[in-house]
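# Descriptive structure summary
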2 protein chains.
Amino acid sequence: MKKNYLFTPGPTQVPPEVLLAEAQPAIHHRTPQFSRIFKELSEDLKYLFQTEKGEVFTLSSSGTGGMEACVANMMSKGEKALVLSAGKFGERWAELCSVFGVETVIAKAEYGDAIDPADVESILNQHKDIKAVFATQSETSTGVLHNIEKIAKIVKGYGALLIVDSITGIGIHRFPFDEWGVDVAVTGSQKGCMLPPGLAFVCVSPNAWDAVEASDLPKYYWDFKKMRKSLKDDTTAFTPSVSLIVAMKKALDMIKEEGITNVWKRHERLASATREGVKALGLELFAGANSSNVVTSVKAPEGVEIGAVIKKLRDEHGVTFTGGQGSMKGQIFRIGHIGYIDEFDIITAIAAIEKGLSEAGHTIDFGKGITAVQRALANS
Amino acid sequence: MKKNYLFTPGPTQVPPEVLLAEAQPAIHHRTPQFSRIFKELSEDLKYLFQTEKGEVFTLSSSGTGGMEACVANMMSKGEKALVLSAGKFGERWAELCSVFGVETVIAKAEYGDAIDPADVESILNQHKDIKAVFATQSETSTGVLHNIEKIAKIVKGYGALLIVDSITGIGIHRFPFDEWGVDVAVTGSQKGCMLPPGLAFVCVSPNAWDAVEASDLPKYYWDFKKMRKSLKDDTTAFTPSVSLIVAMKKALDMIKEEGITNVWKRHERLASATREGVKALGLELFAGANSSNVVTSVKAPEGVEIGAVIKKLRDEHGVTFTGGQGSMKGQIFRIGHIGYIDEFDIITAIAAIEKGLSEAGHTIDFGKGITAVQRALANS
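Residues numbered from 1 in each chain as written. Chains lettered and ligands numbered in written order. Predicted model: local features only at pLDDT ≥ 70, side-chain atom pairs only at ≥ 80, totals over all residues.

## Regarding the interface of chain B and chain A
- In this assembly, 46 residues from chain B lie in contact with 46 residues from chain A.
- Those elements giving two or more residues to the side of chain B that touches chain A turn out to be α1 (16-22), α3 (63-74), α4 (88-99) and α10 (242-258) of chain B.
- Top contributing element to the side of chain B that touches chain A by residue count: α3(B), with four residues.
- The class makeup of the residues in the side of chain B that touches chain A is 20 nonpolar, 21 polar and five charged. (Contact = placed C-beta atoms within 7 Å. Helix = DSSP H or I, 4+ residues; strand = E, 2+ residues; numbered from the N terminus. Nonpolar A, V, L, I, M, F, W, Y, C, P; charged D, E, K, R; others polar.)

Put into structure tokens, the structure is as follows:
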């Protein structure tokens, strides 16, 4: 008997209630039965994004599909965008812009660091023709959180549009779409939403529609105008992932019951306890002061082949963490703590790290990490 | 207590075994655990498409996403394509080409008719610069089947590429990808594959890659080159719909157990019995001799408001059929019989039609339709 524990930044653990909702018999998507669910879902999604003015579209795709939709709808060929790039997902914005012939200026931070809002200001000041800024709230590849509130104020000051990848932000970190004045934001189902992957959600503000109307980039499946028209009829333009949508309604019921503010607080409390546990083991955080509450990225201790530790924990002990991506491979490991996660999960995660590092020959004072987690939780 | 019967051309009924496979605890997609499943799935998909030379990509999207991927990867801006258009899904090929700036010549058939292969020949003869032909095997909006084998021979004779929407073809009608020499074919999960919607599968022949390499249309999420690279590593380029993929493996196990030839024969037998039942009730088939085994489209009897009949059957009796789309609305109704369908389902479908039409005041000799179904099944 081996239980499986998923401490990854998505796909994440899915509540059994949500899994069973997904397993309900199929319904047809062009029926009042589906439209009733979809209408409620679309309202609940506005709560998730903390918006009243925005419209939230449900895309049957991964989060990357949602990002592609943002570029294809908000820009025109040859227009200029500022991309904030501090990791793999910021780089994805730049790649998408490049594919569609959008000119980019890149604000770059080293892996593990956050983009300095002052850099955003200085670039916008230099390039007055920047139409939109593409940002990442939580850079999952490094574990860094960006200050979208501050960035939004600067971007608005220059009259540019702000488009935010909040794929691992929404439902984890505070993200009041209307209050911050974000123009478009995208999230995915397999993160804070506690669902399997397969859906993306894009929130579009009224302010974004001039750009959508003007956009000359080719799109069909990703077309916001088609999505908006269908949303008015409580349906989707193309056959949606019905089973995931039914499951998502259940997941949002659970989020509403907990309350979005409590959801944010829970993630903050658990992430903070995780960091204490890691530090108590003498390990170093990779993202330092910019650590998000999404994923705790940790520098691999010297002399430990971290890839082998991750592999053994996953294949022999059923506990899945992730390593670093790209050039961070072998340098860091990442503990995901998003969605359907409670305090005993954090105890388990840190206990597994103690076990894994110990098995790899690293000196571990058993219980030191999990005791620190317990103390942090008791005091918060 | 109300059971739900889905006689729609997708989403279709999903076997409980497949629903439960979908409800299994989440696994992470960058693990050997996922790759093992995905590798087997990708092999099974080759069996489904009856190909040894082609590669089958799994897209997390609806079938339309798969169609967009075909256009975006196979064509370049300003190139010429021939689109075979005999209904809503043929029209979708034309719309997609238009969005991407691909010039189109349209071979058109009236709704309810099939494209004459001779028209394809004559157009290809007139326009020697046509690079690719976009066809629809089963035009679900009208219930018409196209003779792809014949069309393929003609297209090959002119050296053009053949790209087939077989979204409601694969797993229902015979479709030997290699034998017919199809270059690219696309199908969806919620049709013959007995899954909920959310996955598309695209089979790409070795012959197609020159066009893919040459294509200058913008794509990222839909990029065949990215898909091919990831497939070699038994994974996907972006986070896939893991739960649907796990369920699809189960569905393909069931298809392999029945045997693809038997699956085709079952659909033929059930569709033929459905047509007998419909005719015995004095109703007229809309697609006539070109009727597919996917969906039986039936002209609404005079004096019957067919939309109200469909609505009552669905909302009060739990039996879902679909009406006509676009200009066919109110003119026809459609009985889907694809995927997880057996002979007693056909009895139920025809019994429901007898009930629905009778309740609407249409004179029905109860049992006449279902008896004809029984006889047809007994004799086949």
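Once you've had a look at it, read on.
## Some thoughts on the nonpolar core
- One finds A:V133, A:V202, B:V133 and B:V202 to be the most contacted residues of the largest nonpolar core, which totals 257 residues.
- Each residue touching A:V133, except ones within four places of it in the same chain, is listed here: A:L82, A:L84, A:V120, A:V155, A:A160, A:L162 and A:I163. (Core = buried A, V, L, I, M, F, W, Y, C linked by C-beta atoms within 7 Å. Buried ≥ 20, exposed ≤ 12 C-beta atoms within 10 Å, placed from the backbone.)

## Remarks on the relation of the copies chain B and chain A
- If you rotate chain B by 180° and push it 0.0 Å along the axis, it lands on chain A with an RMSD of 0.0 Å. Taken together, the rotation and translation describe the operation of a two-fold axis. (Least-squares fit on C-alpha atoms with pLDDT ≥ 70 in both.)

## Let's talk about the sheet that holds strand β11 (residues 295-299) of chain A
All names here are of chain A.
- Strand order in the open sheet made by the three strands is β11-β14-β13, with antiparallel pairing throughout. In the strand order of this sheet, the two ends are held by β11 and β13 (322-323), each with one partner.
- Pairing of β11 with strand β14 (residues 332-336), which is carried by five bridges, proceeds in the antiparallel orientation. Paired with V298 across the bridge in β14 is F333. (Pairing = 2+ DSSP bridges.)

## Examining the confidence of the model for chain A
- The predicted model of chain A averages 97 in pLDDT, with 100% of residues at 70 or higher.
- For this predicted complex, the interface score ipTM comes out at 0.95, alongside a pTM of 0.97. (pLDDT = per-residue confidence, 0-100.)

## So, helix α13 (residues 343-359) of chain B
Residue and element names in this part refer to chain B.
- Taking 1.5 Å of rise per residue, the 17 residues of α13 would be expected to cover 24 Å, and the 24 Å separating its terminal C-alpha atoms lies within 8% of that figure.
- Taken together, the buried positions of α13 are occupied by I346, A349, I350, A352, I353, E354, G356 and L357.
- Packed against the buried residues of α13 are α11 (260-280), α12 (306-317), β12 (319-320), β14 (332-336) and α14 (368-378).
- With its phi angle positive at about 95°, G361 sits one or two positions after the end of α13. (Expected span 1.5 Å × (residues − 1).)

## Examining helix α2 (residues 32-49) of chain B
Residue and element names in this part refer to chain B.
- Compared with an ideal rise of 1.5 Å per residue, which puts 18 residues at 26 Å, α2 spans 26 Å between its outermost C-alpha atoms and is within 8% of the ideal.
- Of the positions making up α2, those classed as buried are F34, F38, L41, L45, L48 and F49. Projection of α2 onto a plane perpendicular to its axis shows the buried side chains occupying an angular sector of 75°, all on one side. Among the exposed residues of α2, those oriented more than 90 degrees off its buried face are P32, R36 and E43.
- The secondary structure elements touched by the buried residues of α2 are β2 (55-59), α7 (177-180), β9 (184-188), β10 (200-204), α10 and α11.
- A positive backbone phi angle near 55° is found at Q50, which sits one or two residues after α2. (Arc of directions from axis to C-beta.)

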